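Examination of the molecular architecture
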There are 2 protein chains.
Amino acid sequence: MEINSVQNERVKLWDKLKQKKYRDETGRFVVQEKHLILEALQAQLLETLIIRKGVKNEFPLEAIEVSDPVMKKLSSNVSLNDYIAICRKSDKKPDKKEMVIVLERVQDPGNLGTIIRTAYSLGYDAVYLSNDCCDEYNEKCLQSTQGAIFHLPVIRESMPDIVRELRKDGLTLIATCLREASMLRETAVPDKYALIFGNEGRGLTEETIEASDLRVKIEMDRFESLNVAAAAAICAYQFRYGRK
Amino acid sequence: MEINSVQNERVKLWDKLKQKKYRDETGRFVVQEKHLILEALQAQLLETLIIRKGVKNEFPLEAIEVSDPVMKKLSSNVSLNDYIAICRKSDKKPDKKEMVIVLERVQDPGNLGTIIRTAYSLGYDAVYLSNDCCDEYNEKCLQSTQGAIFHLPVIRESMPDIVRELRKDGLTLIATCLREASMLRETAVPDKYALIFGNEGRGLTEETIEASDLRVKIEMDRFESLNVAAAAAICAYQFRYGRK
């Protein structure tokens, strides 16, 4: 199949997926990098492969060939993509819930994606996002996950629902905050736990801190300031591996 | 003093500081966020404060007032800044060299800045950058440091010079890599050490791995992939605080 016109109805629909609103409505999103497309394929999330006319199809599935103007319309980078994939969002549920990461109103897609990547690499079972986090299917976020988002359950709910669900499942809720918190190194690791991180500038909400079972802070020499993805990496590693 | 024309010679020079070449030539750089300007002022690096005409000067030093078109020319964001500061690069030397972080050809300014911020918060003495790292005075990098770059010595040299200097000072050079490396948790912490991290996609060069005294890798469950700023946070914390 071949599409040459930027006025084509399917092209218009695909193009709309750059906006969160249409990703939410359709449950679909766009992947623009070849190695990420491969990850999406392996995770069986790839629905439509779009290829620039004249480029050899290196994927083991049929592609829709498009003209350069169509590819240009769909690409968000300056240079023309050879491939673009339309994928469906994963509805993967966690196999178990023993170690999870929860993010509350994290706004930077690079931070969000980096944390999903860290959680997957360190063997966490899922990442929970409060509804007011930035969209995990944002292109920058997808890129920062390096594909981890296609394999790890990422669940978006209201913060009260997340707290209720994880508590019901018997996880200890651990808030990261500066006030009245025990030092990370001295905190015993519970059997099952959720590490909760907040907004880049404002941290966790008071409600979430109050709803937690434990408060933890990272030892620091000065500045009392860490990027949230760096803080999440430190805590996630410490709880998973740093202690026996 | 007041400048109204975008053709003014000083405006043209300031504007050129958006380019690395001119930052290198002049030893000057631009700071665009109010809280970062305050950090630069505290670190005594602020040389010229530029203020949008009509805005109240909240800083304890005289400012040059500029018209909106001038401020627009100097601003790299879409909205107009109220303040912009021209600062000089710090030539701060480390007071001591017991714990340092070394980055080799790190390319992403967000990663570079985040690592400088982490190093400062966790009490490291300096960050060394190989000459082929991205520019630490890039706007995105400055923003990611959250001002830590104004307080912590950041030293840019060739990689062989960095290795030579740190070895002379008696630091144990610790390369982070996957091959023939001991696990982070099982690595004894030397008295004085340099943690070395490499490029986002390609890691450390073979020469740097060979020149190191130890090789360390982070325990992972799967994926064998962490963002370099996340990896640096995990290692920096583990060496500094995670162990006794």
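Computed from a predicted model, the values in this text were never measured in an experiment.

Conventions and cut-offs
- Residues numbered from 1 in each chain as written.
- Chains lettered and ligands numbered in written order.
- Predicted model: local features only at pLDDT ≥ 70, side-chain atom pairs only at ≥ 80, totals over all residues.
- Heavy atoms only, no water.
- Domains from an automatic or database assignment.
- Buried area = accessible area lost by both parts, 1.4 Å probe.
- Salt bridge = Lys/Arg side-chain N within 4 Å of Asp/Glu carboxyl O.
- Polar contact = N/O pair within 3.5 Å; in protein donor to acceptor, adjacent residues only side chain to side chain.
- Least-squares fit on C-alpha atoms with pLDDT ≥ 70 in both.
- Contact = heavy atoms within 4.5 Å.
- Axes fitted to C-alpha atoms, helices over the stretch in contact; angles between N-to-C directions.
- Helix = DSSP H or I, 4+ residues; strand = E, 2+ residues; numbered from the N terminus.
- Parallel < 35°, antiparallel > 145°, perpendicular 65-115°, else oblique.
- Left-handed = near helix turned anticlockwise from the far one by under 90°.
- Nonpolar A, V, L, I, M, F, W, Y, C, P; charged D, E, K, R; others polar.

**Focus on the domain arrangement of chain A**
Residues and elements named next belong to chain A.
- Parsing chain A into structural domains produces domain 1 (2-88) and domain 2 (99-242).
- Just the C-alpha atoms count here: the centres of domain 1 and domain 2 sit 31 Å apart.
- In this assembly, domain 1 packs against domain 2 so that about 1100 Å² is buried in total across both faces, 62% of it on carbon and sulfur atoms.
- Along the contact surface separating domain 1 from domain 2 lie 1 salt bridge.
- Close ionic contact of Asp 135 with Arg 23 constitutes a salt bridge, the shortest N to O distance being 2.7 Å.
- Linking domain 1 to domain 2 there are 3 residue pairs in polar contact (both at pLDDT 80 or more).

**Some words on the relation of the copies chain B and chain A**
- Between chain B and chain A, the superposition needs a rotation of 180 degrees and an axial shift of 0.0 Å, giving an RMSD of 0.0 Å. Classification of the inter-copy transformation places it as that of a two-fold axis.
- The fraction of interface residues of chain B whose copies in chain A are also interface residues reaches 100%, indicating that both copies meet through the same surface.

**Some points on the packing of helix H5 (residues 109-121) of chain B against helix H9 (residues 228-242) of chain B**
Residue and element names in this part refer to chain B.
- Their axes nearest at 9 Å, the elements H5 and H9 cross at an angle of 15 degrees. One way to sum up the angle between H5 and H9 is to call them roughly parallel. The element H5 and its partner H9 pack so that their crossing is right-handed. Contacts between H5 and H9 involve Asn 111, Thr 114, Ile 115 and Thr 118 from the first element and Val 228, Ala 229, Ala 232 and Ala 233 from the second.
- Here the residues of the contact of H5 with H9 sort into 5 nonpolar, 3 polar and no charged.

**A look at the pattern of salt bridges**
All names here are of chain A.
- One pass over the full model with this rule turns up 44 salt bridges over all chains.
- Asp 15 is paired through a salt bridge with Lys 73; the nearest N and O atoms lie 3.8 Å apart. Separated by 58 residues along the polypeptide, Asp 15 in helix H1 (residues 9-16) and Lys 73 in helix H4 (residues 68-74) bring together distant segments of the chain.
- Look at the salt bridges and you will find they share partners, linking Arg 179, Glu 180, Glu 206, Glu 210 and Arg 215 into a network.

**So, the interface of chain B and chain A**
- Taken together, the contact between chain B and chain A spans 36 residues of the former and 36 residues of the latter.
- Here chain B and chain A share an interface that buries about 3100 Å² over both sides, 53% of which is from carbon and sulfur atoms.
- Between Arg 240 of chain B and Asp 221 of chain A there is a salt bridge whose closest N-O contact spans 2.9 Å.
- Within the residue set of the side of chain B that touches chain A, elements represented by two or more residues are H5 and H9 of chain B.
- Of the residues belonging to the side of chain B that touches chain A, the class tally is 15 nonpolar, 12 polar and 9 charged.

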